[in-house]
Amino acid sequence: MPELPEVETIMRSLAPNLVEKIIEKVIIRETRLRWPVDLNLPSYLEGQTVQQISRRSKYLLVSTLNGHLLIHLGMSGNLRILPQNTPVKKHDHVDIHLSSQQILRYHDTRRFGCILWTTQAPDQHVLLRELGQEPLTPELTGDYWYQRARSRKLAVKNYIMDNHIVVGIGNIYANEALFLAGIHPNRAAQQLTLADYQRLLICVRRVLNTAIAMGGTTLRDFTDGTGKEGYFKNELQIYGREGEKCTQCGKIIKHMQIGQRSSYYCPHCQAE
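The structure contained in this document is the topic of the report that follows. (Residues numbered from 1 in each chain as written. Predicted model: local features only at pLDDT ≥ 70, side-chain atom pairs only at ≥ 80, totals over all residues. Heavy atoms only, no water.)

### Observations concerning the sheet that holds strand β6 (residues 92-98)
The four strands lie next to each other as β1-β6-β7-β5, forming an open sheet whose pairing is antiparallel. Looking along the sheet, the strands with just one partner apiece sit at the ends: β1 (23-28) and β5 (77-83). Between one strand axis and the next, the sheet turns by 15 degrees as a mean value, whatever way the strands run. Bridge analysis of β5 against strand β7 (residues 102-108) gives seven bridges, and the strand direction is antiparallel. In the sheet register, Ile-81 faces β7, and the bridge partner there is Leu-104. With respect to the sheet, helix α1 (residues 4-18) is in contact with β5, β6 and β7, its orientation differing from that of β5 by roughly 35 degrees. (Pairing = 2+ DSSP bridges. Helix = DSSP H or I, 4+ residues; strand = E, 2+ residues; numbered from the N terminus. Axes fitted to C-alpha atoms, helices over the stretch in contact; angles between N-to-C directions. Contact = heavy atoms within 4.5 Å.)

### Description of the pattern of salt bridges
Considering all chains together, one arrives at 13 salt bridges under this definition. Between Asp-196 and Arg-199 there is a salt bridge, and its shortest N-O distance comes to 3.2 Å. With Asp-196 and Arg-199 both in helix α6 (residues 194-213) and three residues apart, the pair spans about one turn of that helix. Through salt bridges with shared partners, a single ionic network connects Glu-8, Arg-12, Arg-55, Arg-56 and Glu-134. (Salt bridge = Lys/Arg side-chain N within 4 Å of Asp/Glu carboxyl O.)

### Here's the deal with the environment of Asp-92
Along the polypeptide, Asp-92 turns up in strand β6. Owing to a relative accessible area of 7%, Asp-92 belongs among the buried residues under this scheme. Through-space distance from the C-alpha of Asp-92 to that of Thr-193 is 48 Å; in sequence the pair is 101 residues apart. Beyond its immediate sequence surroundings of up to four residues, Asp-92 is in contact with Arg-29, Pro-87, Arg-105, Tyr-106 and His-107. Engagement of the side chain of Asp-92 in a polar contact is seen with the side chain of Arg-105, the distance being 3.4 Å. Within the structure, the side chain of Asp-92 is placed 2.7 Å from the side chain of His-107, a separation counted as a polar contact. (Buried < 20%, exposed > 50% of the residue type's maximum accessible area, 1.4 Å probe, protein only. Polar contact = N/O pair within 3.5 Å; in protein donor to acceptor, adjacent residues only side chain to side chain.)

### Some remarks on the side chain of Thr-217
Counting through the fold element by element, Thr-217 comes out in the loop between α6 and β9 (254-258). Taking relative accessible area as the criterion, Thr-217 reaches 7% and is therefore assigned buried. Here Tyr-173 takes part through its side chain, which lies 2.7 Å from a polar atom of the side chain of Thr-217. For Thr-217, the contacting residues outside a window of four places in its chain are Glu-6, Ile-172, Tyr-173, Phe-222, Gly-230, Phe-232 and Lys-233.

### A short note on the sheet that holds strand β4 (residues 68-72)
Overall, antiparallel pairing links the four strands, which are arranged β2-β3-β4-β8 in an open sheet. Of all the strands in the sheet, the pair left with one neighbour each is β2 (52-56) and β8 (114-118). Neighbouring strand axes in the sheet, compared pairwise and without regard to direction, differ in orientation by 25 degrees on average. Note: β4 against β8, five bridges, orientation antiparallel. The residue of β8 that forms the bridge with His-68 is Thr-118. Sitting on the sheet, α1 touches β2 and β3 (59-63), and the angle it makes with β2 is about 175 degrees.

Now the structure itself:
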(Lines give C-alpha, C1' and ligand atoms only; values in the text may rest on other atoms or scores of the structure.)
Protein backbone atom coordinates (compact mmCIF):
# COMPACT_ATOMS: atom_id res chain seq x y z
CA MET A 1 0.00 0.00 0.00
CA PRO A 2 1.39 3.44 -0.85
CA GLU A 3 2.22 5.31 2.35
CA LEU A 4 2.87 9.00 3.04
CA PRO A 5 6.18 9.26 1.13
CA GLU A 6 4.72 7.50 -1.90
CA VAL A 7 1.57 9.64 -1.92
CA GLU A 8 3.63 12.81 -1.43
CA THR A 9 5.88 11.72 -4.31
CA ILE A 10 2.86 11.14 -6.56
CA MET A 11 1.42 14.52 -5.63
CA ARG A 12 4.64 16.34 -6.45
CA SER A 13 5.06 14.51 -9.75
CA LEU A 14 1.47 15.24 -10.81
CA ALA A 15 1.32 18.91 -9.83
CA PRO A 16 3.19 20.37 -12.84
CA ASN A 17 0.95 18.36 -15.18
CA LEU A 18 -2.37 19.15 -13.50
CA VAL A 19 -2.40 22.62 -11.97
CA GLU A 20 -3.95 25.28 -14.23
CA LYS A 21 -5.01 22.64 -16.76
CA ILE A 22 -8.62 22.49 -17.94
CA ILE A 23 -10.47 19.20 -17.54
CA GLU A 24 -11.99 18.52 -20.95
CA LYS A 25 -13.51 15.07 -20.49
CA VAL A 26 -13.97 12.42 -17.81
CA ILE A 27 -14.36 8.75 -18.72
CA ILE A 28 -15.53 6.26 -16.08
CA ARG A 29 -15.07 2.59 -17.04
CA GLU A 30 -15.58 1.02 -13.62
CA THR A 31 -17.55 2.41 -10.69
CA ARG A 32 -16.99 -0.49 -8.28
CA LEU A 33 -14.11 0.77 -6.16
CA ARG A 34 -14.11 0.76 -2.36
CA TRP A 35 -17.06 3.14 -2.63
CA PRO A 36 -18.97 3.62 -5.89
CA VAL A 37 -17.63 6.27 -8.25
CA ASP A 38 -20.22 9.00 -8.80
CA LEU A 39 -21.44 8.79 -12.40
CA ASN A 40 -22.04 12.55 -12.29
CA LEU A 41 -18.29 13.24 -12.09
CA PRO A 42 -18.15 14.37 -15.74
CA SER A 43 -20.75 17.07 -15.09
CA TYR A 44 -18.88 18.24 -11.98
CA LEU A 45 -15.44 18.33 -13.57
CA GLU A 46 -15.66 18.96 -17.29
CA GLY A 47 -14.78 22.56 -18.15
CA GLN A 48 -13.20 23.15 -14.74
CA THR A 49 -9.60 24.27 -14.18
CA VAL A 50 -7.48 22.40 -11.66
CA GLN A 51 -6.56 24.92 -8.96
CA GLN A 52 -4.22 22.72 -6.93
CA ILE A 53 -3.35 19.20 -5.88
CA SER A 54 -2.59 18.54 -2.23
CA ARG A 55 -2.25 15.68 0.25
CA ARG A 56 -3.87 14.88 3.59
CA SER A 57 -2.51 11.70 5.13
CA LYS A 58 -2.65 9.16 2.28
CA TYR A 59 -5.42 10.98 0.42
CA LEU A 60 -4.84 13.16 -2.65
CA LEU A 61 -7.06 16.19 -3.18
CA VAL A 62 -7.52 17.57 -6.69
CA SER A 63 -9.28 20.92 -6.29
CA THR A 64 -11.36 23.01 -8.69
CA LEU A 65 -13.61 26.00 -8.03
CA ASN A 66 -16.58 23.60 -7.97
CA GLY A 67 -15.21 21.18 -5.39
CA HIS A 68 -12.61 18.52 -4.73
CA LEU A 69 -11.75 15.04 -5.91
CA LEU A 70 -10.67 12.94 -2.95
CA ILE A 71 -8.50 10.02 -4.12
CA HIS A 72 -7.06 7.12 -2.16
CA LEU A 73 -4.91 4.52 -3.91
CA GLY A 74 -5.86 1.60 -1.67
CA MET A 75 -3.62 -1.45 -1.89
CA SER A 76 -2.74 -1.41 -5.57
CA GLY A 77 -3.94 1.83 -7.16
CA ASN A 78 -1.84 4.29 -9.09
CA LEU A 79 -2.27 7.57 -10.94
CA ARG A 80 -0.33 8.27 -14.12
CA ILE A 81 -0.01 11.20 -16.49
CA LEU A 82 -0.10 9.75 -20.00
CA PRO A 83 -0.55 10.88 -23.61
CA GLN A 84 -4.22 10.92 -24.62
CA ASN A 85 -3.75 8.16 -27.17
CA THR A 86 -2.31 5.68 -24.64
CA PRO A 87 -4.11 2.33 -25.09
CA VAL A 88 -6.46 1.32 -22.28
CA LYS A 89 -5.42 -1.68 -20.18
CA LYS A 90 -7.39 -3.91 -17.88
CA HIS A 91 -8.09 -2.16 -14.56
CA ASP A 92 -7.75 1.34 -16.07
CA HIS A 93 -10.91 2.58 -14.37
CA VAL A 94 -11.04 6.36 -14.78
CA ASP A 95 -9.49 8.81 -17.27
CA ILE A 96 -9.42 12.60 -16.84
CA HIS A 97 -8.59 14.29 -20.14
CA LEU A 98 -6.69 17.57 -19.83
CA SER A 99 -6.25 20.59 -22.06
CA SER A 100 -2.55 19.68 -22.36
CA GLN A 101 -3.47 16.67 -24.54
CA GLN A 102 -2.62 14.40 -21.61
CA ILE A 103 -4.77 12.22 -19.37
CA LEU A 104 -4.71 11.49 -15.67
CA ARG A 105 -5.43 7.75 -15.51
CA TYR A 106 -6.48 5.84 -12.39
CA HIS A 107 -5.50 2.15 -12.43
CA ASP A 108 -6.40 -0.21 -9.59
CA THR A 109 -6.08 -3.99 -9.87
CA ARG A 110 -7.75 -4.82 -6.56
CA ARG A 111 -10.21 -1.89 -6.55
CA PHE A 112 -9.62 -1.04 -2.87
CA GLY A 113 -9.00 2.62 -3.65
CA CYS A 114 -11.56 5.39 -4.01
CA ILE A 115 -12.41 8.44 -6.09
CA LEU A 116 -14.94 10.62 -4.31
CA TRP A 117 -16.36 14.07 -4.96
CA THR A 118 -17.05 16.67 -2.27
CA THR A 119 -18.07 20.30 -2.30
CA GLN A 120 -17.42 20.78 1.42
CA ALA A 121 -14.12 21.84 2.93
CA PRO A 122 -11.92 18.71 2.57
CA ASP A 123 -10.89 18.71 6.24
CA GLN A 124 -14.57 18.33 7.15
CA HIS A 125 -15.08 15.24 4.99
CA VAL A 126 -16.03 12.15 7.00
CA LEU A 127 -12.83 10.37 5.87
CA LEU A 128 -10.54 13.24 6.89
CA ARG A 129 -12.00 15.06 9.86
CA GLU A 130 -10.92 12.51 12.50
CA LEU A 131 -7.34 12.15 11.25
CA GLY A 132 -4.42 12.98 13.51
CA GLN A 133 -1.43 15.26 13.05
CA GLU A 134 0.75 15.31 9.95
CA PRO A 135 4.22 14.07 10.95
CA LEU A 136 6.15 16.69 8.97
CA THR A 137 4.37 19.77 10.35
CA PRO A 138 5.36 21.85 13.40
CA GLU A 139 2.06 20.98 15.11
CA LEU A 140 3.40 17.52 15.88
CA THR A 141 5.73 17.56 18.86
CA GLY A 142 7.31 14.95 21.07
CA ASP A 143 5.16 16.23 23.94
CA TYR A 144 1.98 15.68 21.87
CA TRP A 145 2.93 12.02 21.39
CA TYR A 146 4.05 11.63 25.01
CA GLN A 147 0.88 13.10 26.57
CA ARG A 148 -1.42 10.90 24.49
CA ALA A 149 0.58 7.78 25.33
CA ARG A 150 0.34 8.10 29.11
CA SER A 151 -2.35 5.42 29.44
CA ARG A 152 -1.69 3.47 26.26
CA LYS A 153 -0.49 -0.10 26.85
CA LEU A 154 -0.29 -1.06 23.18
CA ALA A 155 3.06 -1.50 21.45
CA VAL A 156 4.73 1.75 20.51
CA LYS A 157 4.94 0.63 16.89
CA ASN A 158 1.16 0.31 16.71
CA TYR A 159 0.78 3.59 18.59
CA ILE A 160 2.80 5.64 16.12
CA MET A 161 0.88 4.03 13.25
CA ASP A 162 -2.51 5.05 14.70
CA ASN A 163 -3.95 7.51 12.18
CA HIS A 164 -6.13 9.11 14.84
CA ILE A 165 -2.91 10.26 16.56
CA VAL A 166 -0.46 10.80 13.69
CA VAL A 167 -1.07 10.01 10.03
CA GLY A 168 0.98 8.34 7.34
CA ILE A 169 3.66 6.43 9.24
CA GLY A 170 3.31 3.10 7.47
CA ASN A 171 4.87 -0.19 8.47
CA ILE A 172 8.15 0.21 6.58
CA TYR A 173 8.76 3.69 7.97
CA ALA A 174 7.74 2.80 11.53
CA ASN A 175 10.29 -0.04 11.51
CA GLU A 176 13.04 2.22 10.20
CA ALA A 177 12.33 5.12 12.57
CA LEU A 178 12.18 2.93 15.67
CA PHE A 179 15.50 1.36 14.70
CA LEU A 180 17.16 4.76 14.27
CA ALA A 181 15.73 5.88 17.61
CA GLY A 182 16.93 2.70 19.39
CA ILE A 183 13.43 1.82 20.59
CA HIS A 184 12.10 -1.75 20.63
CA PRO A 185 8.89 -1.87 18.55
CA ASN A 186 7.03 -3.93 21.16
CA ARG A 187 7.62 -1.62 24.12
CA ALA A 188 4.40 -0.30 25.61
CA ALA A 189 3.71 3.25 24.41
CA GLN A 190 3.16 4.42 27.99
CA GLN A 191 6.65 3.28 29.01
CA LEU A 192 8.47 5.72 26.74
CA THR A 193 9.71 8.98 28.21
CA LEU A 194 9.28 12.45 26.78
CA ALA A 195 12.91 12.29 25.63
CA ASP A 196 12.16 9.00 23.83
CA TYR A 197 9.29 10.58 21.90
CA GLN A 198 11.31 13.66 21.06
CA ARG A 199 14.09 11.44 19.68
CA LEU A 200 11.59 9.26 17.85
CA LEU A 201 9.99 12.29 16.18
CA ILE A 202 13.38 13.39 14.85
CA CYS A 203 13.93 9.90 13.44
CA VAL A 204 10.44 9.69 11.90
CA ARG A 205 11.00 12.97 10.09
CA ARG A 206 14.44 11.93 8.96
CA VAL A 207 13.11 8.66 7.51
CA LEU A 208 10.07 10.23 5.83
CA ASN A 209 12.00 13.14 4.34
CA THR A 210 14.69 10.83 3.00
CA ALA A 211 12.08 8.52 1.51
CA ILE A 212 10.33 11.46 -0.18
CA ALA A 213 13.63 12.74 -1.56
CA MET A 214 14.28 9.27 -3.03
CA GLY A 215 10.82 8.99 -4.60
CA GLY A 216 9.34 6.56 -2.06
CA THR A 217 9.85 2.83 -1.71
CA THR A 218 9.27 0.49 -4.64
CA LEU A 219 9.17 -3.08 -3.37
CA ARG A 220 6.99 -4.43 -6.17
CA ASP A 221 5.17 -2.09 -8.52
CA PHE A 222 4.98 1.44 -7.06
CA THR A 223 5.74 4.31 -9.44
CA ASP A 224 5.10 8.04 -9.26
CA GLY A 225 2.76 9.91 -11.57
CA THR A 226 5.27 9.85 -14.42
CA GLY A 227 6.22 6.18 -14.09
CA LYS A 228 9.43 6.53 -12.04
CA GLU A 229 10.23 4.02 -9.31
CA GLY A 230 11.25 5.00 -5.79
CA TYR A 231 14.68 4.09 -4.46
CA PHE A 232 14.35 4.30 -0.68
CA LYS A 233 14.49 0.50 -0.59
CA ASN A 234 18.25 0.90 -1.08
CA GLU A 235 18.40 2.77 2.26
CA LEU A 236 16.44 0.27 4.36
CA GLN A 237 18.45 -0.60 7.47
CA ILE A 238 16.05 -2.92 9.29
CA TYR A 239 12.86 -3.64 7.32
CA GLY A 240 12.89 -7.01 5.59
CA ARG A 241 16.38 -7.88 6.84
CA GLU A 242 15.62 -10.74 9.22
CA GLY A 243 18.69 -12.96 9.71
CA GLU A 244 21.12 -10.33 8.39
CA LYS A 245 23.65 -8.43 10.47
CA CYS A 246 22.69 -5.10 12.00
CA THR A 247 24.44 -2.25 10.22
CA GLN A 248 25.26 -0.61 13.56
CA CYS A 249 26.36 -3.44 15.88
CA GLY A 250 26.66 -6.59 13.78
CA LYS A 251 24.09 -8.59 15.76
CA ILE A 252 21.49 -10.62 13.88
CA ILE A 253 18.24 -8.82 13.05
CA LYS A 254 15.10 -10.46 14.44
CA HIS A 255 11.51 -10.59 13.25
CA MET A 256 8.19 -10.65 15.09
CA GLN A 257 4.53 -9.96 14.39
CA ILE A 258 3.02 -6.94 16.11
CA GLY A 259 -0.60 -6.20 15.36
CA GLN A 260 -0.51 -8.59 12.39
CA ARG A 261 2.31 -6.59 10.79
CA SER A 262 5.88 -7.71 10.22
CA SER A 263 8.25 -6.02 12.65
CA TYR A 264 12.03 -6.10 12.49
CA TYR A 265 14.45 -5.12 15.24
CA CYS A 266 17.98 -5.47 16.49
CA PRO A 267 18.00 -7.16 19.94
CA HIS A 268 21.11 -5.16 20.88
CA CYS A 269 20.39 -1.67 19.50
CA GLN A 270 16.70 -1.89 20.40
CA ALA A 271 16.81 -3.80 23.67
CA GLU A 272 13.46 -4.01 25.52
